[in-house]
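# Fold and contact review
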Amino acid sequence: VDVHITGYSALQNFTVYEAGTYIFSGIYVAMGIGLPAAIGAQVAHPNRKVVALCGDGGFLMNSPDLATAVKYNLPIVTIVMNDNTLTSIERGHISRFGASLGVKLVNPDFVKFAESFGAIGLRVEDESDFKPTVEKALTLDKPSVIEVVKS
């Protein structure tokens, strides 16, 4: 789990069955760790399903690592929460200074971006499609990126 608004509450919503199977750097605020950590986890445990949960800003920091996942055919599912904003930073700015600056992003089409690397790109625009889309991605034997469009 990368450092982002959705990621902060992820542990409360995902059951962890074994120690060491949930990686989150929230204490160190290592934004961008989601995909590279998932690659490491998948290499260490090739027979397990690995999912990276990222914000759009964090994913963009290390998105070229998708090439590594494709090169080595690592079937990682990367979920990108896209709200076109560094939301955690924006909220910190607003609470501390009453306004924010430099937090709006100009994002690519993450589905096309994934496909340009040779990964599978999927998009979720309606909350009811989230679970079936993740379940589908987990059955694929290729790296995939699920863009969740947040309004």
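Residues numbered from 1 in each chain as written. Predicted model: local features only at pLDDT ≥ 70, side-chain atom pairs only at ≥ 80, totals over all residues. Heavy atoms only, no water.

## Thoughts on the environment of Asp126
Here Asp126 is to be found in the loop between strand E3 (120-124) and helix H8 (130-139). Using a relative accessible area of 41% as the deciding quantity, one classes Asp126 as partly exposed. (Helix = DSSP H or I, 4+ residues; strand = E, 2+ residues; numbered from the N terminus. Buried < 20%, exposed > 50% of the residue type's maximum accessible area, 1.4 Å probe, protein only.)

## Details of the sheet that holds strand E2 (residues 77-82)
If you walk across this open sheet you meet the four strands as E1-E2-E4-E3, and the pairing is parallel. Edge strands, defined here as strands with exactly one partner in the open sheet, are strand E1 (51-55) and E3. Strand-to-strand, the axes of this sheet are offset by a mean angle of 20°, without reference to chain direction. Across six bridges, E2 lies against strand E4 (residues 144-149) in parallel orientation. (Pairing = 2+ DSSP bridges. Axes fitted to C-alpha atoms, helices over the stretch in contact; angles between N-to-C directions.)

## Overview of the packing of aromatic side chains
One pass over the full model with this rule turns up three aromatic pairs. Plain terms: the ring middles of Phe59 and Phe113 are 6.2 Å apart, the flat faces sit at 80° to each other, and that makes the pair edge-to-face. Taken together, the residues span a long stretch of sequence, with Phe59 in helix H4 (residues 56-62) and Phe113 in helix H7 (residues 110-117) at a distance of 54 residues. In this structure, Phe59 and Phe113 share a single accessibility class: buried. (Phe/Tyr/Trp six-rings, centres within 6.5 Å; stacked < 30°, edge-to-face > 60°.)

## A word on unusual backbone geometry
A positive phi angle is found at Asn73, which is not glycine, with a value near 50°. The backbone of Asn84 sits at a positive phi, close to 55°, despite the residue not being glycine. Considering the arrangement of structural elements, one finds Asn84 in the loop between E2 and helix H6 (87-97).

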